Amino acid sequence: MDRRIQKTRQLIMNTFLDLLAEKGFEKITISDIAERANINRGTVYLHYVDKFDLLDKCIETYVELLLNHCANSTDTNLSASAFQSVFEYLEKNFTIYKLLLSNEGVGFFRSRLYDIIAQTVTEVIGIKPENNAFSNGITTHFLTSGFIGVLEWWINNSMPCNVQEITEQLMFLLEPYTKRFVSL
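About the cut-offs
- Residues numbered from 1 in each chain as written.
- Predicted model: local features only at pLDDT ≥ 70, side-chain atom pairs only at ≥ 80, totals over all residues.
- Heavy atoms only, no water.
- Helix = DSSP H or I, 4+ residues; strand = E, 2+ residues; numbered from the N terminus.
- Buried < 20%, exposed > 50% of the residue type's maximum accessible area, 1.4 Å probe, protein only.
- Contact = heavy atoms within 4.5 Å.
- Salt bridge = Lys/Arg side-chain N within 4 Å of Asp/Glu carboxyl O.
- Expected span 1.5 Å × (residues − 1).
- Core = buried A, V, L, I, M, F, W, Y, C linked by side-chain atoms within 4.5 Å.
- Phe/Tyr/Trp six-rings, centres within 6.5 Å; stacked < 30°, edge-to-face > 60°.
- Lys NZ or Arg CZ within 6 Å of the ring centre and 35° of its normal.

A. Main features of the overall build of the chain. Helix and strand counts for the chain stand at nine helices and zero strands. When the elements of the chain are put in sequence order from the N terminus, they spell out α-α-α-α-α-α-α-α-α. Per-residue burial for the chain yields a buried fraction of 41% across its 184 residues. Considering only contacts within the chain whose residues lie at least 6 apart along the sequence, 66% involve residues at least 24 apart.

Below you can see the structure in the form of structure tokens.
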């Protein structure tokens, strides 16, 4: 992709995020974005269909960045190092993820994050004959909902405990699952 296009898209997205923090999604207009970014409205429309498309692309971008960070981590199991890696990344990028979780985009962002984490959990626990006492669907959604709930609580309450503490707490709570599924 041409650098000018990349720079323009990044400018539009950064401007959108600034306005999202200031005004909330419902009050943002394409004109607001164009004016703040010092570009034409047509330029915004050249890259995004409307503000909903921009929100969707923004969510996709930040979910993808989180995923890429996790993919670069060597551990993709239900382990302390995997959880610690996720929370360290979120801590480093706290402002943007708090904005996406606490604004009107929360439903879209949370939903996308939920789908990706559920997929990862499903892959980690796998469908094994030894697991037939458990419904993989129930287990997947139980673990995913718990993790997303803790993640939201941690972000929305401005990280009331450090990465090490939250990782230890999660590992304690998930111990029955980590032992059962990781050892199989």
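B. Structural view of the pattern of salt bridges. Per the stated rule, a full pass over the model turns up six salt bridges. Between Arg112 and Glu60 there is a salt bridge, and its shortest N-O distance comes to 2.8 Å. Residue Arg112 is located in helix 7 (residues 106-125), and its partner Glu60 is located in helix 4 (residues 51-72); the two are separated by 52 residues in the primary sequence. According to the relative accessible area criterion, Arg112 is partly exposed, its value standing at 29%. Using a relative accessible area of 27% as the deciding quantity, one classes Glu60 as partly exposed.

C. Structural view of helix 5 (residues 80-92). The terminal C-alpha atoms of helix 5 lie 18 Å apart, and with 13 residues this matches the ideal 18 Å at 1.5 Å per residue to within 8%. Of the residues making up helix 5, those classed as buried are Ala82, Phe83, Ser85, Val86, Phe87, Tyr89 and Leu90.

D. Local environment of the environment of Pro160. Structurally, Pro160 is set in the loop between helix 8 (136-156) and helix 9 (163-182). For Pro160, a relative accessible area of 47% translates into the label partly exposed. Those residues within four positions of Pro160 in sequence are excluded, and the remaining contacts are Trp153 and Trp154.

E. Up close: the nonpolar core. Grouped together as the largest cluster of nonpolar side chains are 51 residues, with contacts concentrated most on Phe16, Leu17, Ile33 and Leu90. At the level of secondary structure, the elements contributing two or more residues to this core comprise helix 1 (3-23), helix 2 (30-37), helix 4, helix 5, helix 6 (94-102), helix 7, helix 8 and helix 9. If one sorts the elements of this core by residue count, helix 7 sits on top with eight residues. Non-local contacts of Leu90, meaning those with residues more than four positions away in its chain, are made with Leu66, Tyr97, Leu151, Trp154 and Ile155.

F. Fine view of unusual backbone geometry. One non-glycine residue, Asn38, adopts positive backbone phi at about 60°. Within the element layout of this structure, Asn38 appears in the loop between helix 2 and helix 3 (41-47). For Asn38, a relative accessible area of 71% translates into the label exposed. Phi at Met159 takes a positive value of approximately 50°, unusual for a residue other than glycine. Tracing the backbone through its elements, the reader meets Met159 in the loop between helix 8 and helix 9.

G. Here's a closer look at the packing of aromatic side chains. In the structure shown here, the tally under the stated rule is eight aromatic pairs. Where Tyr62 meets Tyr97, the ring centres are 6.1 Å apart and the plane angle is 90°; that geometry is what we call edge-to-face. In this pair, Tyr62 is assigned in helix 4 and Tyr97 in helix 6, connecting sequence segments 35 residues apart. When sorted by exposure, Tyr62 lands in the same class as Tyr97, which is buried. On the numbers, 5.8 Å between centres and 65° between planes, the contact of Phe87 with Phe147 is edge-to-face. Here Phe87 is found in helix 5, whereas its partner Phe147 is found in helix 8, with 60 residues between them in sequence. Here Phe87 falls in the buried class, since its relative accessible area comes to 0%. Through a chain of ring-to-ring contacts, three or more aromatic side chains come together here, namely Tyr62, Tyr89, Tyr97 and Phe109. The ring centre of Phe25 lies 4.7 Å from the NZ or CZ of Lys51, which sits over that ring.

Worth remembering: the numbers are spatial, not functional.
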